[in-house]
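Coordinates in review
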Amino acid sequence: MESKQENQNGLTKGAAALGTEQDGVVISTKEAAEYCEYKKQRKRADIRSAMLKSEGVLTENGEAKKICDRAVKYRQAAVRMTPSALEYVRPWVAASGVKVDCLIGGDGETLSKVKAYEAKCALRLKAQELTVTVSPSMLAECRYGGIKKELKRLRRASGKAVLKARLGQRISAERLARVSKICAEVGVDYLSLPFYEGCERAKSGLSGGCRLEIFGVESLDEYRVLSAAGVERIVTERVEEIQSAWLKEVDKIAFPKHMPKEERAERQETVEKQGTVKEKEHKNESENKSEWEKQNDYECRLEGAELKFL
């Protein structure tokens, strides 16, 4: 029993001297390489899964083929464009098979019947998703009845297509809660918000199958936060830059190397100093004992059912 305990103590001291953890696991170089490769593959799969939530934006008609090819390459959910742009780039869109998210109603200050007509025209051009901007003046004047009526009309006009209610600017939490409730009641598929710090928290206020979309995302840090928060759609014009920067993190994954010789020697010296300090403390305690304590200071151990004094 004593020899086993001494061996265990010796191993513990040896591990401490080498600068390793007592509860560590020793694996071979081959196993370490395999583990690193597994972590890299898992990281790549997570990145690809996160990029499936992205949506591209067509800003100029001349870039239509480039945008569609990029959407296919990065397997983006859709590409956002206006009805006039869709009419022009329809051949490239049809050839690539990319889903189209059509932005109707301009900046939102358009009559409801005009928005409904634009929605029908976009559907004839084979748009699968419709994004309508909620009137800023209605929001400013808290005309929630008018907003609800307009979204109901657009829900009927869009049929089975995905309908998104877009807010052009950040609004107060109270107004956002009211709009979220209206979207859930009407049957809007997405509430689309501009990016700002903490925008992902709007997800908790959605219900009735309504999901959250964030647009205007420009950096990897922003994209990573939204993806981790469970935001279902992220609209960005920088998908190539974001994925490239994210994949660079995969190359940095490596198994921890052995502790350098200098650091290991320094660690061993620290352990030895700590042992010396404890020995001095024990010696001082022995010297400070009274004569009676020294005479009555016994050492013993348990052998079977008997207590044996040494």
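Just so it is clear, the model here is predicted, and its values are computed rather than measured.

Here's the deal with the pattern of salt bridges
Taken as a whole, this structure holds 21 salt bridges when the rule is applied. When the shortest N-O distance is used, the salt bridge between glutamate 249 and lysine 43 registers 3.4 Å. Highlighted residues: glutamate 249 in helix H10 (residues 239–251) and lysine 43 in helix H2 (residues 29–51), separated in sequence by 206 residues. A salt bridge links glutamate 129 to lysine 164, with the nearest nitrogen and oxygen atoms 3.0 Å apart. Of this pair, glutamate 129 sits in strand S4 (residues 129–133) while lysine 164 sits in strand S5 (residues 162–166), and the two are 35 residues apart along the sequence. One network of salt bridges, in which partners are shared, links Glu55, Arg80, Asp101, Glu129, Lys164, Glu213 and Arg233.

Regarding a positive patch on the surface
Among the surface-exposed residues, Lys113, Lys120, Arg124, Lys149, Lys152, Arg153 and Arg156 lie close enough to one another that they form a single positively charged patch. Where the positive patch is concerned, the elements lending two or more residues are helix H5 (112–124) and helix H7 (144–158). With four residues, the top contributor of residues to the positive patch is H7. Here lysine 149 lies in helix H7.

Structural notes on the nonpolar core
Counting residues in hydrophobic clusters, the biggest one holds 63 residues, and the most contacted among them are Met81, Leu151, Leu167, Leu191 and Leu193. The contacts of methionine 81, once residues within four sequence positions are left out, are Leu58, Leu86, Val89, Val93, Val100, Asp101, Cys102 and Leu103.

Here we look at the packing of aromatic side chains
For any pair of aromatic rings, the description rests on two quantities: the centre-to-centre distance and the angle between the ring planes. Taken as a whole and assessed by the stated rule, the structure comprises two aromatic pairs. Judged by centre distance (6.1 Å) and plane angle (55 degrees), the rings of tyrosine 88 and tryptophan 92 are tilted. Separated by four residues within a single helix, tyrosine 88 and tryptophan 92 lie in helix H4 (residues 83–96), roughly one turn from each other. A ring pair is formed by tyrosine 223 and tryptophan 246, whose centres lie 6.2 Å apart and whose planes are at 70 degrees; its orientation type is edge-to-face. Residue tyrosine 223 is found in helix H9 (residues 220–228), and its partner tryptophan 246 is found in helix H10; the two are separated by 23 residues along the sequence. We note that tyrosine 223, like tryptophan 246, is buried.

What to know about the confidence of the model for the chain
When pLDDT is averaged across the chain, the result is 81; 73% of the residues are at 70 or more. The low-confidence segment residues 1–22, where pLDDT is below 50, has eleven contacts with residues more than four positions distant or belonging to other chains.

Side note on the environment of isoleucine 147
As for its placement among the helices and strands, isoleucine 147 is situated in helix H7. It is 7.2 Å that separates the C-alpha atoms of isoleucine 147 and valine 134, two residues lying 13 residues apart in sequence. Each residue touching isoleucine 147, except ones within four places of it in the same chain, is listed here: Val134, Met138 and Leu139.

Quick notes on the rules
- Residues numbered from 1 in each chain as written.
- Predicted model: local features only at pLDDT ≥ 70, side-chain atom pairs only at ≥ 80, totals over all residues.
- Heavy atoms only, no water.
- Salt bridge = Lys/Arg side-chain N within 4 Å of Asp/Glu carboxyl O.
- Helix = DSSP H or I, 4+ residues; strand = E, 2+ residues; numbered from the N terminus.
- Patch = residues over 30% accessible without salt bridge, like charges linked within 9 Å, V, L, I, M, F, W, Y side chains within 5 Å.
- Areas by Shrake-Rupley, 256 points an atom, 1.4 Å probe, with all protein chains shown as cover.
- Lys, Arg positive; Asp, Glu negative; His and termini not counted.
- Charge placed at Lys NZ, Arg CZ, Asp CG, Glu CD.
- Core = buried A, V, L, I, M, F, W, Y, C linked by side-chain atoms within 4.5 Å.
- Buried < 20%, exposed > 50% of the residue type's maximum accessible area, 1.4 Å probe, protein only.
- Contact = heavy atoms within 4.5 Å.
- Phe/Tyr/Trp six-rings, centres within 6.5 Å; stacked < 30°, edge-to-face > 60°.
- pLDDT = per-residue confidence, 0-100.

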